[in-house]
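The lines below spell out each chain.
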Amino acid sequence: MTRDAMSGSTGDRMAKGNLFVVSGPSGSGKTTVCERVRDSLGIGLSVSATTRKPRKDERDGVKYHFMDEAEFEARRARGEFLETNCYNGNWYGTLLSEVRKYTDRGRDLILEIDVNGGMQVREKCPEARMIFFRPPSMEDLEARLRNRATDDEETIQSRLRKAEEELPFESAYDMTVVNHTIEQACEDLTRIILGERRGGNDEKRNPV
Ligand code: 5GP
């Protein structure tokens, strides 16, 4: 998918915002870092669609557009998604309309999605900047998951197994941010985004 195809336009040459994809193991701190950088740089937030039931404090249209499987499938058949992924028996997906809302107006957007969705975006949208976000080591990830004390042992083990599956995808991404500390990871992600706004990063594939 070309930039014009993504915007749905054929002739307009208005500068489009940059699309950044951030993927990496759950528990690596990427949500915190993406939120901080989004706030400090005024970057858009794409609201994903999901067939998962809302949790008790979740309102429709804030973190997710909640919908049933029939609606999700119908919208997928109409080509409304940039990418979709099934996780824990529920469908998740990025709506093209969410992406266009920002990039068509020259605003940057970060998509925080899993590696499976990331690979679909890379395929359809080669100009997307792919950023892999990871902890310094598996030992560090395990310590973080235990320290945050939100998950039981089974969930921790399942997150660690998923991380082992995701880490090999690092080489398919343009750049890596290693999260030694939240502050340093925010600085690295900020530098990548500002570098792209200035015309591109030369340090592709290297951990920053
Ligand atoms: P949760 O149900 O805990 O909110 O999210 C479960 C998983 O779905 C997380 O790993 C999250 O990153 C992923 N996810 C959320 N939205 C999307 C999306 O639009 N696309 C993809 N591929 N994954 C998503």
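To be clear, the structure that these remarks concern was listed above.
Just so we're clear, the structure is a prediction, and the values are computed from it rather than from any experiment.

**Digging into the pattern of salt bridges**
And then number 1: Tallying each qualifying case throughout the model produces 19 salt bridges.
And then number 2: Overlapping salt bridges, with partners in common, bring together Glu71, Arg75, Arg78 and Glu80 in one network.

**Regarding the sheet that holds strand β9 (residues 175-178)**
And then number 1: Reading across from one edge, β2-β7-β1-β8-β9 is the order of the five strands in this open sheet, with parallel pairing throughout. Each edge of the sheet is formed by a strand with only one pairing partner; in this case those strands are β2 (44-45) and β9.
And then number 2: Direction of pairing for β2 relative to strand β7 (residues 109-112): parallel, over a ladder of two bridges. Paired with leucine 45 across the strands is isoleucine 110, a residue of β7.

**Regarding the site of the ligand**
And then number 1: Not every one of the 14 residues close to the ligand is listed here, only the nearest: Ser48, Arg52, Tyr64, Tyr92 and Asp114.
And then number 2: At a separation of 2.6 Å, an oxygen atom of the ligand approaches a polar side-chain atom of serine 48.
And then number 3: Of all the secondary-structure elements, those providing two or more residues to the shell around the ligand are β5 (81-87) and β6 (90-95).
And then number 4: Taken together, the residues that form the shell around the ligand break down as four nonpolar, five polar and five charged.

**Notes on the sheet that holds β6**
And then number 1: One open sheet holds the four strands; their spatial order is β4-β3-β6-β5, and the pairing between them is mixed. Each end of this open sheet is capped by a strand with a single partner; those strands are β4 (64-66) and β5. Each adjacent strand pair in this sheet contributes to an overall mean axis angle of 25°, direction not counted.
And then number 2: Two strands pair when backbone bridges link them, and strand β3 (residues 48-50) and β4 are joined in this way by three bridges, in the parallel orientation. By the bridge assignment, serine 48 is partnered in β4 with tyrosine 64.
And then number 3: In the packing of helix α4 (residues 96-103) onto the sheet, the strands contacted are β4, β5 and β6, and the crossing angle to β6 comes to about 30°.

Reading the values: rules and limits
Residues numbered from 1 in each chain as written. Predicted model: local features only at pLDDT ≥ 70, side-chain atom pairs only at ≥ 80, totals over all residues. Heavy atoms only, no water. Salt bridge = Lys/Arg side-chain N within 4 Å of Asp/Glu carboxyl O. Pairing = 2+ DSSP bridges. Helix = DSSP H or I, 4+ residues; strand = E, 2+ residues; numbered from the N terminus. Near = heavy atom within 4 Å. Polar contact = N/O pair within 3.5 Å; in protein donor to acceptor, adjacent residues only side chain to side chain. Nonpolar A, V, L, I, M, F, W, Y, C, P; charged D, E, K, R; others polar. Axes fitted to C-alpha atoms, helices over the stretch in contact; angles between N-to-C directions. Contact = heavy atoms within 4.5 Å.

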